[in-house]
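An overview of the molecular structure
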There are 2 protein chains.
Amino acid sequence: MSQQEKEVVKGVVEWRINVVDDHDNYSSSSLLLLPSMVVACVWGAMVGFSMKVCKFVKKAWKMGLDDPRKFIHGLKVGVALSAVSLFYYMKPLYNGVGGNSMWAVMTVVVVFEHTAGATICKVINRICGTSLAGFLAIGVHWLASRAGEQWGPLIAGVSLFLLASAATFSRFIPIIKARFDYGCMVFILTFCLVSVSGYRVDKLMDLAQQRVSTVIIGTCLCIIVNMTVCPIWAGQELHLLVTNNLDKLANSLQGSVDQYFNNNQQEGVSDEDCRKKLIGYKCVLSSKATEETMANLARWEPAHGRFNFRHPWKQYVKIGASMRTYASCLDALIACINSHDQASDLIKKKLSSISVKLGSKSADVIREVTTTMRNMRKSSKVDMLVIEMNNAAQELRDLLNNSHSNNLLVIPQKPPTTEDDHQEVGPVVESNNMMMIPVMEIIQVVTVASLLIETVSRVEDIVKTVDELSRLAKFKEPKCVKAKQPSNNIIVDNKIYPTQQQNHHDDHHQEAAIDDNDNNNNNNKTLQMV
Amino acid sequence: MSQQEKEVVKGVVEWRINVVDDHDNYSSSSLLLLPSMVVACVWGAMVGFSMKVCKFVKKAWKMGLDDPRKFIHGLKVGVALSAVSLFYYMKPLYNGVGGNSMWAVMTVVVVFEHTAGATICKVINRICGTSLAGFLAIGVHWLASRAGEQWGPLIAGVSLFLLASAATFSRFIPIIKARFDYGCMVFILTFCLVSVSGYRVDKLMDLAQQRVSTVIIGTCLCIIVNMTVCPIWAGQELHLLVTNNLDKLANSLQGSVDQYFNNNQQEGVSDEDCRKKLIGYKCVLSSKATEETMANLARWEPAHGRFNFRHPWKQYVKIGASMRTYASCLDALIACINSHDQASDLIKKKLSSISVKLGSKSADVIREVTTTMRNMRKSSKVDMLVIEMNNAAQELRDLLNNSHSNNLLVIPQKPPTTEDDHQEVGPVVESNNMMMIPVMEIIQVVTVASLLIETVSRVEDIVKTVDELSRLAKFKEPKCVKAKQPSNNIIVDNKIYPTQQQNHHDDHHQEAAIDDNDNNNNNNKTLQMV
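Position labels on residues start from 1 in each chain and follow its written sequence. To label them, take the chains in the order written and letter them from A, then take the ligands in the order written and number them from 1. Given that this is a predicted model, residues contribute local features only at a pLDDT of at least 70 and side-chain atom pairs are listed and counted only at 80 or more, while totals for whole chains, interfaces and linings are drawn from all residues. Excluding hydrogens and water, the side-chain figures rest on all heavy atoms present in the structure.

Going by an unreviewed UniProt entry, chain A carries the name Aluminum-activated malate transporter and comes from Stylosanthes scabra. For the record of chain A, the UniProt heading Subcellular location (unreviewed entry) holds the text "Membrane". UniProt positions are given in the numbering used here, feature names are shortened, and annotations may be inferred rather than shown by experiment. According to the UniProt record, the Sequence similarities (unreviewed entry) comment for chain A reads "Belongs to the aromatic acid exporter (TC 2.A.85) family."

**Here's the deal with the UniProt feature "transmembrane region" (unreviewed entry) in chain A**
Residue and element names in this part refer to chain A. Taken from the UniProt record, the annotation "transmembrane region" (unreviewed entry) applies to residues 31-50, 71-90, 102-120, 127-144, 150-170, 182-201 and 213-234. The span residues 71-90 carries 95% helix and 0% strand; its end-to-end C-alpha distance comes to 29 Å. Helix makes up 79% of residues 102-120 and strand 0%, with an end-to-end C-alpha separation of 21 Å. Working definition: helices are DSSP H or I runs of at least four residues, strands are E runs of at least two. Numbering for both runs from the N terminus.

**What to know about the packing of aromatic side chains**
Between the rings of Phe, Tyr and Trp (Trp by its six-membered ring), a pair exists once the centres lie within 6.5 Å; its type follows the angle of the planes, with under 30 degrees stacked, over 60 edge-to-face, and the other angles tilted. All told, the structure shown has 14 aromatic pairs over all chains when counted by the stated rule. Judged by centre distance (4.7 Å) and plane angle (20°), the rings of A:Phe71 and B:Phe169 are stacked. A residue pair is termed interchain when its members come from two chains, as with A:Phe71 in helix H2 (residues 69-89) and B:Phe169 in helix H6 (residues 148-170). For A:Phe71, a relative accessible area of 22% puts it in the partly exposed group. Each residue is placed in one exposure class: buried if its accessible area under a 1.4 Å probe, protein chains only, is under 20% of its type's maximum, exposed if it is over 50%, and partly exposed if it falls in between. A relative accessible area of 10% places B:Phe169 in the buried class. Pairing B:Phe187 with B:Phe191 gives two aromatic rings, centres 6.3 Å apart and planes at 15°, and the pair type is stacked. Residue B:Phe187 and its partner B:Phe191 are located together in helix H8 (residues 181-197), separated by 4 residues, close to a single helical turn. Since its relative accessible area comes to 10%, B:Phe187 is described here as buried. Residue classification places B:Phe191 among the buried positions, given a relative accessible area of 2%. Through a chain of ring-to-ring contacts, the aromatic side chains of A:Trp61, A:Phe71 and B:Phe169 assemble into a single cluster.

**Side note on a positive patch on the surface**
A surface patch of like charges, here positive, comprises A:Arg299, A:Arg310, A:Lys314 and A:Lys318. Classification of A:Lys318 as exposed rests on a relative accessible area of 51%. Like charges are joined within 9 Å and nonpolar side chains (Val, Leu, Ile, Met, Phe, Trp, Tyr) within 5 Å, but only among residues with over 30% relative accessible area and no salt bridge; these make up the patches. Note on areas: these come from Shrake-Rupley sampling with a 1.4 Å probe, and a residue is covered only by the protein chains present in the view. The term salt bridge refers to a side-chain nitrogen of Lys or Arg lying within 4 Å of a carboxyl oxygen of Asp or Glu. Charged residues are defined narrowly, with Lys and Arg counted positive, Asp and Glu counted negative, and His plus the chain ends left uncounted. The location of each charge is read from NZ of Lys, CZ of Arg, CG of Asp or CD of Glu.

**A few points about the pattern of salt bridges**
Residues and elements named next belong to chain A. Under the defined criterion, the tally for this structure stands at 31 salt bridges over all chains. With a closest N to O distance of 3.2 Å, Lys378 and Glu477 form a salt bridge. Taken together, the positions of Lys378 in the loop between helix H15 (345-375) and helix H16 (382-401) and Glu477 in the loop between helix H17 (439-472) and strand S4 (489-492) put the pair 99 residues apart, joining distant regions of the chain. In this structure Glu477 comes out as exposed when scored by relative accessible area, which is 51%. Between Glu454 and Arg458 there is a salt bridge; the shortest N-O distance is 3.2 Å. One end of the pair, Glu454, and the other, Arg458, are both in helix H17, 4 residues apart, so they sit about a helical turn from each other. Given the relative accessible area of 14%, Glu454 is considered buried. A residue is classified by how much of its surface remains accessible, and Arg458, at 8% relative accessible area, is buried. One network of salt bridges, in which partners are shared, links Asp67, Arg69 and Glu237.

**Quick notes on the nonpolar core**
Residues grouped as a nonpolar core are buried Ala, Val, Leu, Ile, Met, Phe, Trp, Tyr and Cys residues, joined through side-chain atoms within 4.5 Å. Among the nonpolar cores identified, the biggest contains 142 residues, and A:Leu249, A:Leu358, B:Leu249 and B:Leu358 are the most heavily contacted of them. Only heavy atoms matter for contacts: two residues are in contact if any of them lie within 4.5 Å across the pair. Aside from chain neighbours lying at most four places away, what touches A:Leu358 is A:Met389, A:Ala392, A:Ala393, A:Leu396, A:Leu452, A:Ile453 and A:Val456. Ranked by size, the runner-up nonpolar core spans 69 residues in total, among them A:Val111, A:Ala133, B:Val84 and B:Phe112.

Right, here's the structure in full:
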């Protein structure tokens, strides 16, 4: 082995020793580290988990603080369950209903719901389903016991199969699904229990009677606790939901129109508040399921507050539907406002005042309707406000209709003298002796105006449905207020046609163009912003 | 008494006698009639009732025939219940689980749901809730039994109250409400039953073990029957619902645009069919709750058909949301089409071809996306179609933008020579040497065009969400198809800008106005309909 080879071998050995040493060091150190690493891992996981739990609890707590009735509902269930479990703890009560007091506990757990309507609905469903199924099962049992050992189980089995299938199928039928879904389930349950138990239990009548009595105890307790301690009425909730949604619609409409045409923000209102107000209408678009459920529950509730037993809850669903068609139009309007195509400031300014007026008139109508619902008192003003709204819509229509005679699309050719004319007006095309705004520059504002006019008929739909409600629910008559019917308007079919419209001719418009400060003259209203 | 008085008295007496006679006759005849009247009444009521029942049954039967899976579900429940009741009828099975086999029956009734996802969700909730509550209750029972006679019931009662309250409150927390609502209820139920029973039942462990084993028997049976006999998967239903809704959107859009601009109806299609097709989009507006529920259920389902276990069901909710914003825009569009303001036929004709093109391109994109989802295979064409749609939108925008240079609002002044010019064009206003259409006459068509352009960005949203789905769900790669990318377009940010747009100037438009048959020239496309 040459010197060179020796050095190579030595190097390899050294390297090996180093590697082995390193490995040993690593192993021994990792053996030392292992327990502490595991502890650290477990500790980390625990801290992470407890942090998550903390966050979750904090969130839940905040939710409870936002609506303390949720806390109260939890406590109510606790009270009802503690009360019903007394039947087990107290000897005299226990002797009364026997070991079947378990059914009472189960009834409370299953039947106790958030709103009074839901609880009553479940109670009635449970009692009816249990009784009906109990009678049927006893009948089948009697029949089976007469049929002898061989045919008895067969009769019981076949009847069980057929009734369970039919009852399950019936749960798909819309009217049963909406009102008696739970009853069907209880029917199947009780029928199975009684008919199956009947095969082994001798004292079937005792069993049935105990089940019925425990169910009655449980349901009574539920109703008492639910309806005496801070009751939550589905009807009242529905009423609140609908009126609040109406308010949101009015705010969204007026806010978006104001923002678009004036580009101004209310003082002292933050951007976030403003945005929240504007997108309030979105709640309306997704409230269909809630409204229908609540209306279905409210019909079970007795008279409460200002609502009678047979308050027309179904009408609220109709109001909700008309609100949704309105909100969907508003959605398109707001989308159009937020779209990229920007309108020329000039034409926007020309349409501004009348559009803002129409927006605020529409909002006024909705707010008046909201007040009508809130106070449950017919409004003396709403017809007047609808007329004013239609008037404003007609003015906007007229302005667009007579776009040429009032030079809507034309920019004055004279060199700009006032400050207003300094504004950007986008590219204009000179056609002969007129400067005209291209269609692309008016498309946004015309769409907004057109959708605004479209909303008017939808507001009228809302007014109609609320009017129907006030008739059905017999709202109080309005307080006597002198009607301020304008004398110079012809009202046909709830729409207003200014008498001056009859003698529309260009002279008027030209006059108006000269004297556009004369706000008192209705005739000139259509031209005020030219 | 004078003669006169006598006659009066006689008259009164006669009258009285007559009245009494009449009354007697009436009484005797009514006494004779009474039974037959009662019979008739009862008979009438019975016939009426049975007619109503018949009608109800017929309706239900029709509903079942429309979707036979509802019948099948009923039969499945019948089979499962018959199977579980065998535990009662057969001695060896009965001896295994004892009298508590009632719990198995109850489990089947409560847990068996229409879709596999709902059943699995309830099964998992039931098992978890029962086990957790069982352990806790046994722990509390052990603690209470150690605390002695005096403090025992107090500990049991307080823990019952606190846990029931907390669990009830937790059902309001959105994430728990969506996934573990039933589990919470079962938790409360089991805890109450075990902790209350623990006070009297000596063999608590046996009770708990029997309850758990019967619950497991019931749940296993449910899962087996539900998932082997014609299973209905919530996921598949959701997939179908969303793809069908997409189809409806495409049909509604194209149908309404075609109808508005062409006023033509497809041959061989009845009015009713056409109307149904047009209002198909309304389903989309109200499908939010269904989609969310189904997506929540689908996440519990194992792999089935073409869907993996962790298929991104949440993405379907997002697709649904983007479809709803689209549908709400479509709603405004269709409302605008149905509004009273009618557009001038002339301008309608001018915009017709390009608007119909845009409508059909948008519909094509939606249909392609639907095909992508249906086949679960990425599309090679969709990018191209989106580009074409944007192209069409840009053309419409250009047409509106250059309204003056291409005389969009102007009616030729020369005496009409071709047939087209004979049409009604509504009132026109002469301004200097041009005949112009008033704004009111263009408002509807401009709004329709503007909303059509607005829908484009919403269609893009749908494409984006579906694209995200295809990425998340790892759709198959598209079959190799040669991309037909047009070479003369610049694509920036998924939008197309025709190269010719760079050198837009009026000369081109004037050329085009002269030679408007040259369809091959992209440059002239914007002017084809002038």
